[in-house]
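Results of the structural survey
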Amino acid sequence: MATAPDTAALRQVIQDQLKLSRRLKDRVAELEARTHAPVAVVGTAMRLPGGIDTPDAYRTFLYSDDPDTRAVGPIPEDRTGLRAVYHPERGKEGHSYVDRAGFLDDIASFDAAFFGISQREAETMDPQQRLLLEVAWEALERGGIAARRQDRLPIGVFVGVMASEYGRRFVHDGDYSRIDPYHSTGSGHCFVAGRISYALGLSGPATSVDTACSSSLVAIHQAVRALRGGECDYALAGGANLILGPDLMVSLCQGEALSPGGRSRTFLADADGYGRGEGVGMVALMRLDDALDRGHPVLAVVRGSAVNHDGASSGFTVPSGPAQQEVIRAALADARVAPGSVGYVEAHGTGTALGDPIEVGALDAVLGTGAGERTAPVALGSVKARIGHLEAAAGIAGVLKLVLMLGDGTVPAGAQPGDGRLNPLIPWDRIALTVPRTPAPWAGAPEDRTAGISAFGLSGTNAHAVLSAYHPAPAAPVDVPENHPELLTLSARDPRALAELSERVQEALTGLDAAGVASLCHTLRAGRVHFGHRLAVVGCDAAALADALAAGQPADGVRAADRVVLATGPDTALLEAALAELARHFPGLRPAIDGEGTPAARLRAVLTLLGVKTALATGSDTSGPDAARITAGGQSLPLAGDDPGSAPRLLAEALAALHRGGATLRLDHLGAPGALFVDAPTYPFQRKRFWIEETAAEPAHIAPVPVAPTRTGPLDRAEIGAYLTTELAAVLKADGALAPDVPFCEVGGDSFTAMLLTKSVEQQYGVELPTLDCPVEMPVADLLVHLSEQVCAAMGVER
């Protein structure tokens, strides 16, 4: 006899399965959302033709009233190889018919000391690496990301690079004597991204990308994938291209790929090849949710990207229309954006009779007439027409342009009024694409601004990305309490840079309201790395802060090495009131203020949160008028007095003194209510010229090994120490004596330095030594003692 089913148990099973199904669906949706998560552009930096080295300079250039503003010029005097191969006759064997391109103003100058690179290594290093270090640093600073080397932040580095021509000048007529250990690390593509990660102390993936002209857009694609996959929390993505040797120029001319006039005439009837250009650019990226949570600026949003290859097309270097359509569709799918939503495309647009019609046809098939009914045609443009084709850096130049356009809501002219008619091989009257002749407002609502960008490599690798403007919902205004004291901190690696930075910040303070001052000071405190030469001032408005900076450095710094002791008085009610004032002015301190324990313990927790390691005074009695104070190095700094309202200013002034003294503070939590990271003056690099000429007057020769000196007495330890001091500076090619208290790594010391110094000692004294041990974190003075001990021990020199 069959038993009746247990209805209650069956109902429970069904309910459990439904709950499980919902959880699985939620998990699938979560993973799907992560796969397509938008990525914020939080910082940008660039070095582009025409002296463009800031976002504002690029914006001015793009929207210039002069319709003929371009950045193409003659070959610089110091590019002797390029000048030597020029001949105006097309097809002349072994020559280039191009004598114009988009050149950078100065690629030889570099602040080697800032990045801890010796002069010896700096002059061997490809200028592309040097420029990339600078723009990487600036992009992070503009994004409010303080990359302290010791923190090993999870920042990925993805860099597009194609040519590496600087290293050729170290070999002349088969003579290799000018090549030293730094030649390989200074020239190889694989070291470009790794150089940035090493110099800045970053722990994320570091990848150099070479897909020819699509390299930097492929690098951005990889950065977006790494952020979505959780491989890093931040990313630097960009590219570099310098025209330093004749080889590629001659090859491109022999294939007649270049325009004789040196200019890309994108989409024009007289398009006759592309014009080359130099440039370096970088964007700092974060997952959009993280950027918003941490208060970083969102300049634009990367919605999606895709990469593919032409495959078996009609020729290895011939563009493929079907492949271009595929990569655009894939990028739209990744971005979850409908084709009809795209209002502008930064085209690859090299300006060739073959390439332009193929690209326009592919764009129209996907985004134009192929997208169905559109309210307005898609606007086209390509910055190549004005700065040249930056090859490996072309993609980043276009992305930097899009970031400005999306933020400004203005589309620059895609062709200048005097450029003549458009390419007649493109059926402009039958497609939903247009090339604007003058700047115009972006069609549609601000929140609907969406753009695409293409980059097609000569290697056949294609990339496309979809970006959009970011327009958050209206937020409550920054609520800065009345008489709110702001701590403004500045630092640099040398006094000249600090003075220059101070002047820039004084200018930036001009006209700022309380909210602007709060965000600027928050950025300079929490979004910057703090170096040895410092300024710190306190003020309640822009004018007071600017006046304090102009007055120079106060003399009340408390040395970082001093023990800090916190003492509090017996009036706990007064201290509680002071803590409440601190919480009102600095809401980021509330977790410590609202914690458990006595008022003294919670004030100590506040200081700990700010990076001030303190000990409580025995008896906790100030034996004076202050409700709380800290002492260090014989100095006493009040934190709270009879008036609880003075506590915010007293805390700011105490932190200013500690900062000036070199304390390692963490000031992220000191922001006023609603303070955000904003674009603030970036580090003023102090550059020197590092440049190896392409040819020497006479081939260099290997110098003979010096004969060990004949001695009449025993070796002297002082003599050995003096020799090591002089020779270490010589190996590093330092201008003078090395600063004794600076870590060895900050003057450019590394394992190669140790090897070269060992060889010098062996040649000087006629001995054989194991490679000297040179701890890179050791101060130079201690290192010289350490080296002297090793040499003396190996040579049997007694004390």
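Located above this text is the structure these notes cover.
Every value quoted in this text rests on a predicted model; they were computed, and no experiment measured them.

What counts as what
Residues numbered from 1 in each chain as written. Predicted model: local features only at pLDDT ≥ 70, side-chain atom pairs only at ≥ 80, totals over all residues. Heavy atoms only, no water. Pairing = 2+ DSSP bridges. Helix = DSSP H or I, 4+ residues; strand = E, 2+ residues; numbered from the N terminus. Contact = heavy atoms within 4.5 Å. Axes fitted to C-alpha atoms, helices over the stretch in contact; angles between N-to-C directions. 1 Å grid on protein atoms, 1.4 Å probe; cavity = no way out; pocket = protein on both sides within 12 Å on 5 of 7 lines; lining within 4 Å. Points joined across faces, edges and corners; volume = space filled by probe spheres on them. Nonpolar A, V, L, I, M, F, W, Y, C, P; charged D, E, K, R; others polar. Patch = residues over 30% accessible without salt bridge, like charges linked within 9 Å, V, L, I, M, F, W, Y side chains within 5 Å. Areas by Shrake-Rupley, 256 points an atom, 1.4 Å probe, with all protein chains shown as cover. Salt bridge = Lys/Arg side-chain N within 4 Å of Asp/Glu carboxyl O. Buried < 20%, exposed > 50% of the residue type's maximum accessible area, 1.4 Å probe, protein only. Expected span 1.5 Å × (residues − 1). Polar contact = N/O pair within 3.5 Å; in protein donor to acceptor, adjacent residues only side chain to side chain. Core = buried A, V, L, I, M, F, W, Y, C linked by side-chain atoms within 4.5 Å. Parallel < 35°, antiparallel > 145°, perpendicular 65-115°, else oblique. Left-handed = near helix turned anticlockwise from the far one by under 90°. Lys, Arg positive; Asp, Glu negative; His and termini not counted.

Brief notes about the sheet that holds strand β1 (residues 39-47)
- Taken in spatial order, the eleven strands line up as β6-β5-β7-β8-β1-β9-β16-β15-β10-β11-β13 in an open sheet, and their pairing is mixed. Sheet topology places β6 (206-209) and β13 (433-434) at the edges, where each strand pairs with a single neighbour.
- Pairing of strand β5 (residues 155-161) with strand β7 (residues 234-241), which is carried by seven bridges, proceeds in the parallel orientation. From the neighbouring strand, G160 faces β7, where its bridge partner is G239.
- Contacts from helix α11 (residues 321-335) reach β9 (300-309), β15 (450-456) and β16 (461-468), with the element oriented near 145° to β9.

Some words on empty space enclosed by the protein
- Enumeration according to the criterion identifies five cavities of 30 Å³ or more in this entry.
- Taken as a whole, the largest cavity spans an internal volume of roughly 120 Å³.
- Taken together, 19 residues make up the lining of the largest cavity; nearest its centre are S382, A385, R386, A413 and G414.
- Across the lining of the largest cavity, the residue classes tally to seven nonpolar, six polar and six charged.
- By volume, the second largest cavity amounts to about 100 Å³.
- In terms of lining residues, the second largest cavity is bounded by 13 residues, among which E141, S491, L501, R528 and V529 are the most central.

Some thoughts on a nonpolar patch on the surface
- A cluster of nonpolar side chains, namely L10, I14 and L18, defines an oily patch on the protein surface of about 280 Å² accessible area.
- Within the secondary structure, I14 sits in helix α1 (residues 7-35).
- Take I14: its relative accessible area is 46%, and that puts it in the partly exposed class.

Comments concerning the sheet that holds strand β22 (residues 635-640)
- As summarised here, the arrangement of the four strands in space is β20-β19-β21-β22, forming an open sheet in which the pairing is mixed. Here the strands that pair on one side only, and so sit at the sheet edges, are β20 (614-616) and β22. Recorded for the sheet is a direction-independent mean angle of 30° between the axes of neighbouring strands.
- Judged from the three bridges that link them, strand β19 (residues 564-568) and β20 form a sheet pairing that is parallel. In the strand pairing of β20, V565 is matched with A615.
- The strands touched by helix α21 (residues 647-660) are β19, β21 (628-632) and β22; relative to β22, the strand with the most contacts, the crossing angle is about 150°.

Some points on α11
- Helix length check: α11, at 15 residues, gives a terminal C-alpha distance of 21 Å against a target of 21 Å (1.5 Å per residue), a fit within 8%.
- For α11, the complete set of buried residues consists of G321, A323, Q324, V327, I328, A331, L332, D334 and A335.
- Capping of α11 at its N-terminal end is provided by S320; its side-chain oxygen lies 3.3 Å from the backbone amide nitrogen of A323.
- Once α11 ends, the next one or two residues include R336, with phi positive near 55°.

Observations regarding the nonpolar core
- Counting residues in hydrophobic clusters, the biggest one holds 76 residues, and the most contacted among them are I196, L236, L488 and L509.
- Excluding its chain neighbours within four sequence positions, the residues that come into contact with L488 are V505, L509, C521, L524, L535, A536, V537, L545 and L549.
- Listed in part, the 52 residues of the second largest apolar core include V41, Y58, A223 and L406.

A word on the packing of helix α5 (residues 127-142) against helix α7 (residues 190-200)
- Following both chains from N to C, one finds α5 and α7 inclined at 50°, their axes separated by 10 Å at the closest point. By the criterion of interaxial angle, the relationship of α5 to α7 is oblique. The crossing of α5 and α7 is right-handed. Residues Q129, L132, L133, A136, W137 and L140 of α5 form the contact with α7, whose participating residues are F191, V192, R195, I196, A199 and L200.
- Its residues placed into classes, the contact of α5 with α7 shows ten nonpolar, one polar and one charged.

Considerations on the environment of T35
- Relative to the helices and strands, T35 is located in helix α1.
- For T35, a relative accessible area of 44% puts it in the partly exposed group.
- Between the alpha carbons of T35 and A323 there is a distance of 23 Å; along the sequence they are 288 residues apart.
- Beyond its immediate stretch of four places on either side in the chain, T35 contacts R228 and D334.

A short note on the side chain of R169
- Along the chain, R169 turns up in the loop between β5 and α6 (182-187).
- Buried charge R169 goes without a salt bridge, the closest partner of opposite sign being E694 at 4.0 Å.
- Within the structure, the side chain of R169 is placed 3.1 Å from the backbone oxygen of L244, a separation counted as a polar contact.
- A polar atom in the side chain of R169 sits 2.8 Å from the backbone oxygen of I692.
- Setting aside residues up to four positions removed in sequence, R169 forms contacts with R178, L244, W691, I692, E693 and E694.

Comments concerning the packing of helix α18 (residues 572-585) against α21
- Between α18 and α21, the least distance of the axes is 8 Å, while the angle of their chain directions is 75°. Between α18 and α21, the angle is such that the two are roughly perpendicular. Contact with α18, carried on its side by A578, E581, L582 and H585, involves A647, P648 and L651 of α21 and no other residues of that element.
- Here the residues of the contact of α18 with α21 sort into five nonpolar, one polar and one charged.

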